[in-house]
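Spelled out, the chains give:
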Amino acid sequence: MAVILDGKAVSAKVKEEVRAEVAALNEKGVSVGLAVIIVGNNPASRTYVNNKKKACEAAGIVSEEYALPEETTQEELLALVEELNRKDSINGILCQLPLPKHLDEEAVIAAISEKKDVDAFHAVNVGHIMIGDYAFLPCTPAGIMEILRHYNIEVAGKECVVIGRSNIVGKPMAMLLLHQNGTVTICHSKTKNLKEVTSRADILVAAVGIPHFVTADMVKDGAVVIDVGMDRDENGKLCGDVDFAAVEPKASYITPVPGGVGPMTIATLLKNTVTAAKLQNGLDK
Ligand code: GUN
């Protein structure tokens, strides 16, 4: 029987810390503002954006939503980003991904001021994360590290295996585990003998986006299993990348979906937005 890692509870604790910090900044006359851009009608994106806005409100962060139609042009989107880069009341800018196919995500990420890049997607911030000296935390990986810290799960010297190499999760996750002295392997669609590699993991992070991809035979007895997936099963029900029912009895700790990694991502976003406001107001991060 594994301990269920309660991301919802840990995230509530972080959100409360952020709320207190925002209140203290407000006392000093500093407000904290986040702009959230959403383009088109992706229902998952709409849910994520609504959750982010709700979390901002609860923390005392002023959020402004910019909902643009599907047919928005690259020029229009870049013009909005430029306007928000210049807007003093906006400390953080988040453009919800994925964007509609005709838009160039990389160009949009590059256009966001690195000082307002609360997703930590900009190449400058990615570079800071790689070096290990960074103000903005990569949201999902940092949320996972916060869960590990909260449950006193040691990373140093552990075999850490990350399945997935996306810029949003897999790559920055590997870096944060490395910074904590884990021995890190990144697996992907071309990895040979995947099961052999994942079976070595003391800490296994699944970020593939395929429902129930990680089965019990891929997991070592006593492993810590972190599930980043937000997938839909054959009945349309929300599920993770891990076959939870089969893997849970083998694991020592495991995150559920929902209620594991997801809530932590938003908590990190709020932290980054406060950091942005502090830095833009000449305060220490
Ligand atoms: N789409 C999926 N995850 C994320 C995220 O963390 N930030 C943004 N902006 N879009 C996403």
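Above this text you will find the structure in question.
In this report, the structure presented in the accompanying data block is examined. (Residues numbered from 1 in each chain as written. Predicted model: local features only at pLDDT ≥ 70, side-chain atom pairs only at ≥ 80, totals over all residues. Heavy atoms only, no water.)

### Description of the sheet that holds strand S1 (residues 3–4)
Alright, step 1. Taken together, the six strands give an open sheet; going across it, the order is S1-S11-S8-S7-S5-S6, and neighbouring strands pair in parallel fashion. Edge positions in the sheet fall to S1 and strand S6 (183–187), since each has one partner strand and no second.
Alright, step 2. Against the sheet, helix H7 (residues 170–179) makes contact with strand S5 (159–163), S6 and strand S7 (203–206), and its axis sits at roughly 170° relative to S5, the strand it touches most. (Pairing = 2+ DSSP bridges. Helix = DSSP H or I, 4+ residues; strand = E, 2+ residues; numbered from the N terminus. Contact = heavy atoms within 4.5 Å. Axes fitted to C-alpha atoms, helices over the stretch in contact; angles between N-to-C directions.)

### Concerning the nonpolar core
Alright, step 1. Counting 52 residues, the largest nonpolar core has Ile61, Leu148, Leu177 and Val205 as its most contacted members.
Alright, step 2. Per-element accounting of this core gives the leading share, nine residues, to helix H10 (residues 261–280).
Alright, step 3. When sequence neighbours within four positions are dropped, the list of residues in contact with Leu148 reads Ile153, Val155, Leu177, Val224 and Ile226.
Alright, step 4. Of all hydrophobic cores here, the second largest spans 19 residues; its members include Ala35, Val39, Ile109 and Phe121. (Core = buried A, V, L, I, M, F, W, Y, C linked by side-chain atoms within 4.5 Å. Buried < 20%, exposed > 50% of the residue type's maximum accessible area, 1.4 Å probe, protein only.)

### Description of the packing of helix H6 (residues 139–150) against H10
Alright, step 1. Here H6 crosses H10 at 110°, and the two axes come no closer than 7 Å. Comparing the axis directions of H6 and H10 gives the class roughly perpendicular. Contacts from Cys139, Thr140, Ala142, Gly143, Ile144, Glu146 and Ile147 of H6 reach H10 at Val261, Met264, Thr265, Thr268, Leu269, Lys271 and Asn272.
Alright, step 2. Partitioned by chemical class, the residues of the contact of H6 with H10 number seven nonpolar, five polar and two charged. (Parallel < 35°, antiparallel > 145°, perpendicular 65-115°, else oblique. Nonpolar A, V, L, I, M, F, W, Y, C, P; charged D, E, K, R; others polar.)

### Description of the environment of Gln74
Alright, step 1. Tracing the sequence through the fold places Gln74 in helix H3 (residues 74–86).
Alright, step 2. We classify Gln74 as buried; its relative accessible area is 15%.
Alright, step 3. With sequence-adjacent residues up to four places away left out, Gln74 is seen in contact with Leu103, Asp104, Ala107 and Val108.

### Examining the side chain of Thr268
Alright, step 1. Along the chain, Thr268 falls in helix H10.
Alright, step 2. Residue classification places Thr268 among the buried positions, given a relative accessible area of 5%.
Alright, step 3. Side-chain polar atoms of Thr268 contact the backbone oxygen of Cys139, separated by 3.0 Å.
Alright, step 4. Apart from residues lying up to four places away in sequence, Thr268 is in contact with Leu137, Pro138, Cys139, Ala142 and Gly143. (Polar contact = N/O pair within 3.5 Å; in protein donor to acceptor, adjacent residues only side chain to side chain.)

### Digging into the sheet that holds strand S2 (residues 33–39)
Neighbouring strands of a sheet are bound in pairs by backbone hydrogen bonds; such pairs are parallel or else antiparallel.
Alright, step 1. Spatially, the three strands line up as an open sheet ordered S3-S2-S4, and their pairing is parallel. The open sheet has two edge strands with one neighbour each: strand S3 (62–68) and strand S4 (92–95). Taken pair by pair, the neighbouring strands of this sheet meet at an average axis angle of 15°, ignoring direction.
Alright, step 2. Contacts from helix H2 (residues 43–59) reach S2, S3 and S4 within the one sheet, and its direction differs from that of S3 by about 160°.

### Some points on empty space enclosed by the protein
Alright, step 1. Within this structure, the stated rule accounts for one cavity of 30 Å³ or more.
Alright, step 2. Reported here for the largest cavity is a volume of approximately 30 Å³.
Alright, step 3. What lines the largest cavity is simply Ile93, Leu94, Cys95, Ile109, Ile112, Asp117, Asp119 and Phe121.
Alright, step 4. The biggest single contributor to the lining of the largest cavity is S4, with three residues.
Alright, step 5. Grouping the constituent residues of the lining of the largest cavity by class yields six nonpolar, no polar and two charged. (1 Å grid on protein atoms, 1.4 Å probe; cavity = no way out; pocket = protein on both sides within 12 Å on 5 of 7 lines; lining within 4 Å. Points joined across faces, edges and corners; volume = space filled by probe spheres on them.)

### Notes on the packing of helix H1 (residues 7–27) against H6
The axes of two packed helices give the description: the angle between them and the distance between them.
Alright, step 1. Between H1 and H6, the least distance of the axes is 10 Å, while the angle of their chain directions is 100°. Taken together, the axes of H1 and H6 lie roughly perpendicular to each other. Counting all contacts with H1, which are made through Gly7, Val10, Lys13 and Val14, the residues of H6 involved are Glu146, Ile147 and His150.

### Focus: the layout of surface pockets
Alright, step 1. Counted as a void, the largest pocket has a volume near 1,500 Å³.
Alright, step 2. Mapped by element, the contributors of at least two residues to the lining of the largest pocket are H1, H2, S4, H6, strand S9 (231–232) and H10.
Alright, step 3. Broken down by element, the residue count for the lining of the largest pocket peaks at eight residues, all from H2.
Alright, step 4. A class-by-class count of the residues in the lining of the largest pocket yields 23 nonpolar, 14 polar and 10 charged.
Alright, step 5. Approximately 480 Å³ is the volume found for the second largest pocket.

### Examining the site of the ligand
Alright, step 1. The ligand sits among Lys52, Leu94, Cys95, Gln96, Leu97, Asp119 and Phe121.
Alright, step 2. Here a nitrogen atom of the ligand sits 2.7 Å away from a polar atom, N or O, in the side chain of Asp119.
Alright, step 3. Taking 280 Å² as the accessible area of the ligand by itself, protein coverage stands at 82%.
Alright, step 4. Placement of the ligand is best described as lying within the largest pocket.
Alright, step 5. Its residues assigned to classes, the shell around the ligand shows four nonpolar, one polar and two charged. (Near = heavy atom within 4 Å. Areas by Shrake-Rupley, 256 points an atom, 1.4 Å probe, with all protein chains shown as cover. Sits in = over half its atoms within 2 Å of the grid points.)

None of the figures reported here should be taken as evidence of function without further support.
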